[in-house]
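So the chains spell out like this:
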Amino acid sequence: LPGMAGFTRNPQIEIRGLTEDHIEFVLSDTDISVANALRRVMIAEVSTLAIDRVIVHKNTSVLTDEFIAHRLGLIPLRYRPPRDGRQSFGADASDPDSLRNRFMESHNCDCDDHCMKCSVLLELNVSFAVEEEEDLEDERTRLVTSKDLECQDPDVKPMHFSNEFERTNSQDQGISIVKLARGQELKVTCIAILGIAKQHAKWSPVSACSYKFDPIVELNQPALDALSAEQKRSIRDCCPAKVFGFEEESPSSETGHLTIQNREKCMYCEECVKRSGEILDRLDQDLVSIQKDEQRFIFNVETSGSLAPDEVVQEAIKVLTEKLTKLTGEVTELREEQYQEQGGMVS
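Residues numbered from 1 in each chain as written. Predicted model: local features only at pLDDT ≥ 70, side-chain atom pairs only at ≥ 80, totals over all residues. Heavy atoms only, no water.

Visitor: Go over helix 2 (residues 65-73), please, and point to the residues and values.
Guide: Those residues of helix 2 not exposed but buried are I68, L72 and G73. End-on view of helix 2: buried residues confined to an arc of 140°, all on one side of the axis. On its buried side, helix 2 packs onto strand 3 (48-59), strand 5 (119-128), strand 7 (149-151), strand 9 (176-181) and strand 10 (184-195). (Buried < 20%, exposed > 50% of the residue type's maximum accessible area, 1.4 Å probe, protein only. Helix = DSSP H or I, 4+ residues; strand = E, 2+ residues; numbered from the N terminus. Arc of directions from axis to C-beta. Contact = heavy atoms within 4.5 Å.)

Visitor: Kindly report on a negative patch on the surface, identifying the contributing residues and their values.
Guide: Residues E330, E333, E336, E337 and E341 make up a contiguous surface patch of negative charge. Mapped onto the elements, E333 comes out in helix 8 (residues 309-341). (Patch = residues over 30% accessible without salt bridge, like charges linked within 9 Å, V, L, I, M, F, W, Y side chains within 5 Å. Areas by Shrake-Rupley, 256 points an atom, 1.4 Å probe, with all protein chains shown as cover. Salt bridge = Lys/Arg side-chain N within 4 Å of Asp/Glu carboxyl O. Lys, Arg positive; Asp, Glu negative; His and termini not counted. Charge placed at Lys NZ, Arg CZ, Asp CG, Glu CD.)

Visitor: Please provide a residue-by-residue account of the nonpolar core, values included.
Guide: Judged by nonpolar contacts, the single largest core of 27 residues is most densely connected at L72, L122 and L124. Contributing elements (two or more residues each) for this core: strand 3, helix 2, strand 4 (77-79), strand 5, strand 7, strand 9 and strand 10. Excluding residues within four positions of it along the chain, L124 makes contact with L72, V144, D148, L149, I177, L186, K187 and V188. Of all hydrophobic cores here, the second largest spans 20 residues; its members include F213, L307, V312 and V319. (Core = buried A, V, L, I, M, F, W, Y, C linked by side-chain atoms within 4.5 Å.)

Visitor: So what about the pairing of strand 2 (residues 22-28)? Which residues, and what values?
Guide: Burial runs high along strand 2: five of the seven residues are buried. Across six bridges, the pairing between strand 1 (residues 12-18) and strand 2 is antiparallel. Looking at strand 2, one finds that Q12 is bridged to S28. Connecting the antiparallel pair strand 1 and strand 2 is a turn made up of three residues. Bridge analysis of strand 2 against strand 14 (residues 288-303) gives seven bridges, and the strand direction is antiparallel. (Pairing = 2+ DSSP bridges.)

Visitor: Lay out helix 8 with the relevant residues and their values.
Guide: Between its first and last C-alpha, helix 8 extends 49 Å over 33 residues, near the 48 Å set by a 1.5 Å rise per residue. Contacts made by the buried residues of helix 8 are with strand 1, strand 2, helix 1 (32-44), helix 3 (99-102), strand 11 (206-219) and strand 14. Downstream of helix 8 by one or two residues, G343 has phi in the positive range, about 75°. (Expected span 1.5 Å × (residues − 1).)

Visitor: For the environment of F25, give the residues involved together with the corresponding values.
Guide: Within the secondary structure, F25 sits in strand 2. Other than its neighbours up to four places away in sequence, F25 contacts I13, E14, I15, R16, L38, M42, F297, I298, F299, V301 and V313.

Visitor: Outline the packing of helix 6 (residues 229-238) against helix 7 (residues 271-279), supporting the account with residue identities and numerical values.
Guide: Closest axis-to-axis distance for the helix 6/helix 7 pair is 8 Å, and the angle between their directions is 155°. Comparing the axis directions of helix 6 and helix 7 gives the class roughly antiparallel. Classified by chirality, the crossing of helix 7 by helix 6 is right-handed. Contacts between helix 6 and helix 7 pair Q231, S234, I235 and C238 from the former with E271, C272, R275, S276 and I279 from the latter. Its residues assigned to classes, the contact of helix 6 with helix 7 shows four nonpolar, three polar and two charged. (Axes fitted to C-alpha atoms, helices over the stretch in contact; angles between N-to-C directions. Parallel < 35°, antiparallel > 145°, perpendicular 65-115°, else oblique. Left-handed = near helix turned anticlockwise from the far one by under 90°. Nonpolar A, V, L, I, M, F, W, Y, C, P; charged D, E, K, R; others polar.)

Visitor: Quick one: what's the story with the pattern of salt bridges, residue by residue and with numbers?
Guide: For side chains bearing opposite charge, pairing can occur when the charged atoms are close. With the rule as written, the count across this model stands at 17 salt bridges. Note that K202 and D52 form a salt bridge whose closest N and O atoms lie 3.2 Å from each other. Taken together, the residues K202 in the loop between strand 10 and strand 11 and D52 in strand 3 connect sequence positions 150 residues apart. Owing to a relative accessible area of 35%, D52 belongs among the partly exposed residues under this scheme. Here R263 and E264 are joined by a salt bridge, their closest N and O atoms 3.6 Å apart. One salt-bridge network, held together by shared partners, links R16, D214, R263, E264 and R296.

Visitor: I'd like a rundown of a nonpolar patch on the surface, residues and numbers included.
Guide: Together, I13, I15, L18 and I317 make up a nonpolar patch on the protein surface, roughly 340 Å² of accessible area in all. Sort the elements by how many residues they give to the nonpolar patch and strand 1 lands first, with three residues. Along the chain, I13 turns up in strand 1.

This is how it looks when you write it as structure tokens:
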């Protein structure tokens, strides 16, 4: 558009760290509206699989049917695309390995209740007989976990742990559902469908998703050189995030050198600015400056296990792109209608 050249942005993403259940990346060359839109989409609009309906055949445990159904719905389900190229029924043809390409939304399916196109069946059948095997003779209860869930689709598995550390250090065999006493039984059939967290939080692929402005921390070294070593240490020690360091020996100052060690850990508490203000009773200069880079955002995303961290970011960008494409098309149609109503010509 004429006159808008100065507002053109080209957002960039730099991945700083990636593990099984966490991703840290920097979104730059954009503004807070785009950063917040990406955050909200990752939380509430990325599709995942979750148990939505539970058919209880038998439940003699101490928990009610509703309680158990709620716990089952919160168990993350991970889809892993097969290598042989299974048939796809979803609407996302751009990525053959995506969840939205394998499954379609249940309300768009032409089946009467559920089918392999829109859902996955899981069975849970556990009993704790009065006379159990020898290794459980001394046990008063039996713990039912996500590992007792049997999925009829080989490409969908419950995620018992989100990372290897939890897997090796947990005392349990999976996500706890209920404890059965001797003589109790639990038999249910679960139907998992595609959904988003706008419908229910169980479909959210993330357990934590946050961002902050990239901090700009500056020190006024000429003014700091006039301070005593004790005053410099007090500025270092007042920061709860340990942003600053102190070098006892420095060629530029006889009273030591205040440095910036962990700039990105700054959480804008401004304790260092307040402490500098107390010292500035005898000086007319700023010692420490804390500002926000309003075009750089540090994201930290922790996933629940239903999607890999990088998949969450990629799917969120896809959803944002689809929304913008739809908005562009509707605005174009509206403008064409206005031209036609006014008797004008559309170029």
